[in-house]
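# Summary of structural features
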Amino acid sequence: MKEIISKLTKEEQQILQNVMTLEQTNLYIKDLKQNRTKEKEAIQNVVNLIEREIRHEN
Amino acid sequence: MKIKTIFIKNFRQFWKESTLNFSCSNEKNVTVIHGANGSGKTSLLNAFKWCFYGKTDFDTGTENILNEAAIQKATTGDELEIVITVIFEHEGAIYNASRKALYRKLPNNAVEDLKTVTFKIQKTLESGETISIDTPVSEINKVLPEGLHPYFFFNGERIEKLAGVNESGQIKEAIKRLMGLKQIERAERHLKKASESFRKVNAESSDETYQSLAQTVERINDDVENKKSLLSNLKLEYGEKSKRKEDVEKKLKTYEESKALQNQRSLLNDTNERITEDMELNERQRKELIDKNRAVVLSQSLVQKCEALVDKNRKKGLLPYKVRAPFIDDLIEQDVCICGRTIHGQNNVIELLNKAKETAGNDELDEVYSSVSYYLKNQEQSLKEYDEKLQELTEAQNKSRKRKKENENFISEIGLKIGSIKNSEIIELEERRDKLTEELKELDFNIRTLEVEIPELLGNLTGETKSLEKLEKKQKDHSLVVRRISAANNVAKVFNELNDYFTDQVRNSLSERVDGTFRQIIRKNVRAYISEDFQLKIEKQSKLGDIEAKEQSTGEKQVTSLSFISSIISLAKEKHVQGGKFFRGGLYPLVMDSPFGALDDDYRYKVAERVSNLADQVIIFVSNSQWNGNVKDACASRVGNSYRLIHHATTDVAKTMDSNEYLRFSNDGFEYSTLEETS
């Protein structure tokens, strides 16, 4: 597992960890795919996470 | 999750209110409910499903679930209700889940479904505070996802199906859901969507080629996702309808007029299932054979040309070479001609010898010549063998096709015979079966179509994505948005790899557990495992190594499936206790309806003996005959609570019978069931 994750940069590893935590909270929403509002919300949260991690300064 | 109590009102056989308390003790963790056929065991199992998800496994779905005695007793215009409340403990909180459906009585004992179903959950926290849950559907799925429900609340009569090939998708899905792999899949999907969102921003400042490619990738991605989700829904629908069809066929076996015909039809259907499997295997073998021999077939014209060339040179005497280069070298070096004269000083002779060396053969050429000759000789043989094998497979396939067609004709003839039996109930069942058969055919066609379309789309997607990524690389290397796209894609790829890695890890771990439980029960020298394509398989040892044991009895299949379920439960428990980052796991009860059906005395005893160890809480619905046999002896020490299902009947048998633990005469004039606690 470490081998797989080590392919990522530090920022990307951070994204992976945060997305995982985020998805754990989404896990209990039944039929997330059908629930478009919730699905959009989940995607926007991932977008925000990436924007926060990949910024001008890095 | 530990179930404490279930309240049932007017559901199926249960008139008015019935209450069942389940044992939650660690030592005596088994609750047994025993009763005669038709007294409500399967209804009790379905009471949980209806309460939690508003569904049942009955072939009529949620129609006719209102108790008949309640309908008859009510006056026209009266409102009637079905209520099921389940109280359970989960992660320190006490849940009260309750579903209620309302009906109105119409003339002639008909009822109108008022379509007002309410589902509520109240949760009492460890602090003692009780809260009403706003999103009860999500909450119940948080505790026990609907897709996992059949693994913990299962019908023993159907359990052997788990050991069938067609259930591999279901097994994979169950493992993924239970082990938290679903969230890895979601993470990958959301990251891909996030990447699309960044690409949209990037497209605004890019040329038309980029814009169009970005749109294409997004469209194909959506297409793949929609088709995958459609495929999984269709498979689910297929599974449900197959079960309904089986139920209808089972019912047809209960009528004297249709019993023999239905038995014959079941036999023919089983044979056709096997033929289909054989045909699929044959198709795979033919593909493999063609792939393997592609070079042999395609190189035919080249081989013939080569053959002609070698033959021509052989006739000319050019092949094989009579004089070889090393021989001429030796003559020059030793300075002696073959006639005995010295070569030294004879410039024209040396020149002639050197010239001859140019056309003379050498070891390398000889080797090539002999290998070409060998290849050419074998080529003919390989082609012959290939032709023969292909013909053999094609003939076998044609035979299977013919047999299948003949059986299908017999099956449709049987259908016509059953349909013409003068019994309205049989006719209705046969019509329902016909409808289900048609629907299943259509579903099967759609599933197969999607199974071809999805890989094609994925191939397109890979190509288009590569082109898009190439363009992105050419764009300003350090543009912020390109970096974000790249990060989203990289993390998505890693999630994809992690998904494969964990799926494999969990599969191996489950495989070991399945085998462990299986070997404790099964008498034969066999092992159980979950194959790479998630099929529950049995292998037997032979002198030639392990071979797949294809023919299993229903009882053996039940033991296999039971071992699988118990392994899932124990792995889920272990992961839950470990509390890892990726795997969620959980504590689940095991609720089984008639799990001993097809087992012989020995297996029945062993399963009953071990059943209490399979989960923290075990609830068994069992027939009175099985309970009073060796099942009671085997698990007596672990039984905490036990109930008897009593059927109240209006028949003369019930009236005249002296004493029966399971049957009583109904003084109300209605047929219904009640529960009685036994010691």
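Conventions we followed
Residues numbered from 1 in each chain as written. Chains lettered and ligands numbered in written order. Predicted model: local features only at pLDDT ≥ 70, side-chain atom pairs only at ≥ 80, totals over all residues. Heavy atoms only, no water. Helix = DSSP H or I, 4+ residues; strand = E, 2+ residues; numbered from the N terminus. Buried < 20%, exposed > 50% of the residue type's maximum accessible area, 1.4 Å probe, protein only. Areas by Shrake-Rupley, 256 points an atom, 1.4 Å probe, with all protein chains shown as cover. Contact = heavy atoms within 4.5 Å. Salt bridge = Lys/Arg side-chain N within 4 Å of Asp/Glu carboxyl O. Axes fitted to C-alpha atoms, helices over the stretch in contact; angles between N-to-C directions. Nonpolar A, V, L, I, M, F, W, Y, C, P; charged D, E, K, R; others polar. Core = buried A, V, L, I, M, F, W, Y, C linked by side-chain atoms within 4.5 Å. Phe/Tyr/Trp six-rings, centres within 6.5 Å; stacked < 30°, edge-to-face > 60°. Lys NZ or Arg CZ within 6 Å of the ring centre and 35° of its normal. Polar contact = N/O pair within 3.5 Å; in protein donor to acceptor, adjacent residues only side chain to side chain. Patch = residues over 30% accessible without salt bridge, like charges linked within 9 Å, V, L, I, M, F, W, Y side chains within 5 Å. Lys, Arg positive; Asp, Glu negative; His and termini not counted. Charge placed at Lys NZ, Arg CZ, Asp CG, Glu CD. Pairing = 2+ DSSP bridges. 1 Å grid on protein atoms, 1.4 Å probe; cavity = no way out; pocket = protein on both sides within 12 Å on 5 of 7 lines; lining within 4 Å. Points joined across faces, edges and corners; volume = space filled by probe spheres on them.

Right, let's talk about the overall build of chain A for a bit. A tally of helices and strands in chain A yields three helices and zero strands. Starting at the N terminus and walking to the C terminus, you meet the elements of chain A as α-α-α. Residue burial in chain A is summarised as follows: out of 58 residues, 40% are buried. For chain A, the accessible area works out to roughly 3,700 Å², and carbon and sulfur atoms hold 46% of it.

Right, let's talk about the overall build of chain B for a bit. Broken down by element type, chain B carries 19 helices and 17 strands. Residues classed as buried in chain B amount to 45% of the 679 residues present. Partitioning the contacts of chain B with sequence separation of at least 6, the portion at a separation of at least 24 is 70%. Summed over all atoms, the accessible surface of chain B reaches about 36,500 Å², with 49% contributed by carbon and sulfur.

On to the interface of chain B and chain A, then. By a widely used convention, the size of an interface equals the accessible area lost when the partners come together. Each side of the interface is counted separately: chain B has 36 residues, and chain A has 32 residues. The interface formed by chain B and chain A includes two salt bridges. Arg189 of chain B serves as the salt-bridge partner of Glu39 of chain A, at 2.9 Å between the closest nitrogen and oxygen. When contributions to the side of chain B that touches chain A are tallied by element, the ones reaching two or more residues are helix 3 (136-143), helix 6 (181-204), helix 7 (208-252) and helix 15 (480-521) of chain B. By residue number, the principal contributor to the side of chain B that touches chain A is helix 15 of chain B, which donates 14 residues.

Below, the discussion takes up the packing of helix 15 of chain B against helix 17 (residues 601-614) of chain B. Residues and elements named next belong to chain B. At their nearest, the axes of helix 15 and helix 17 sit 9 Å apart, and the two run at 140 degrees to each other. Residues Thr517, Gln520 and Ile521 of helix 15 lie in contact with helix 17, whose contacting residues are Tyr603, Lys606, Val607, Arg610 and Leu614. Of the residues in the contact of helix 15 with helix 17, the class split is four nonpolar, two polar and two charged.

Residues and elements named next belong to chain B. The biggest cluster of nonpolar side chains holds 141 residues, and the ones touching the most others in it are Ile33, Phe48, Phe52, Phe88, Phe152 and Phe495. By residue number, the principal contributor to this core is helix 15, which donates 17 residues. Leave out the neighbours within four places in its chain, and Phe88 touches Met1, Lys2, Ile3, Lys4, Phe52, Ala93, Ile94, Tyr95, Ala97, Ile140 and Val143.

Residue and element names in this part refer to chain B. Counted under the stated rule, the structure contains 13 aromatic pairs over all chains. Arranged with centres 6.0 Å apart and planes meeting at 75 degrees, the rings of Phe52 and Tyr53 form a pair that is edge-to-face. Owing to a relative accessible area of 1%, Phe52 belongs among the buried residues under this scheme. The ring of Tyr529 is capped by Arg527, whose NZ or CZ atom sits 4.3 Å from the centre of that ring.

The subject of this paragraph is the environment of Ser666 of chain B. All names here are of chain B. Position of Ser666 among the secondary structure elements: in the loop between strand 16 (663-665) and strand 17 (672-678). Leaving out residues up to four positions away in the same chain, Ser666 has contacts with His648, Ala649, Thr650 and Tyr672. Of note is the side chain of Ser666, whose polar atom sits 2.6 Å from the backbone oxygen of Phe670.

Let us look at a negative patch on the surface. Together, Asp270, Glu273, Glu277 and Asp278 of chain B make up a negatively charged patch on the protein surface. Assessed through its relative accessible area of 40%, Asp270 of chain B is described here as partly exposed.

All names here are of chain B. Position of Leu480 among the secondary structure elements: in helix 15. Overall, the relative accessible area of 16% leaves Leu480 in the buried class. For the pair Leu480 and Phe198, spaced 282 residues apart in the sequence, the C-alpha separation amounts to 9.9 Å.

Before going further, it helps to spend a moment on unusual backbone geometry. The backbone of Asn10 of chain B shows a phi angle near 55 degrees, a positive value even though the residue is not glycine. Relative to the helices and strands, Asn10 of chain B resides in strand 1 (residues 2-11).

Moving on to the pairing of strand 6 (residues 110-113) of chain B. Residue and element names in this part refer to chain B. Pairing between strand 5 (residues 93-106) and strand 6: four bridges, direction antiparallel. Directly across from Arg104, in strand 6, lies its bridge partner Glu112. Hairpin connection, strand 5 to strand 6: the antiparallel pair is bridged by three residues, and Asn108 has positive phi, about 60 degrees.

Let us now look at empty space enclosed by the protein. Residues and elements named next belong to chain B. One pass over the full model with this rule turns up three cavities of 30 Å³ or more. Volume-wise, the largest cavity comes out at about 50 Å³. Together, Thr517, Ile521, Val559, Leu562, Ser563, Ser566, Val607, Arg610, Val611 and Leu614 line the largest cavity. At the level of elements, helix 15, helix 16 (554-578) and helix 17 are the ones that each hand at least two residues to the lining of the largest cavity.

What follows covers the pattern of salt bridges. Residues and elements named next belong to chain B. One pass over the full model with this rule turns up 42 salt bridges over all chains. Of the charged contacts, one joins Arg527 and Glu539 as a salt bridge, the two residues approaching to 3.2 Å between their closest N and O atoms. Remark: Glu539 occurs in strand 11 (residues 536-542) and Arg527 occurs in strand 10 (residues 526-530); sequence separation between them is twelve residues. The class for Glu539 is buried, based on a relative accessible area of 14%. Where Lys606 meets Asp602, a salt bridge forms, and the shortest distance between an N and an O atom there is 3.6 Å. Remark: Asp602 and Lys606 occur in helix 17; sequence separation between them is four residues, near one turn of the helix. Take Asp602: its relative accessible area is 32%, and that puts it in the partly exposed class.

What follows concerns the environment of Leu234 of chain B. Residues and elements named next belong to chain B. Along the polypeptide, Leu234 turns up in helix 7. Between the C-alpha atom of Leu234 and that of Leu443, which follows or precedes it by 209 residues, the distance is 6.5 Å. When residues no more than four places from it in sequence are discounted, the contact partners of Leu234 are Leu443, Asn446, Ile447 and Leu450.

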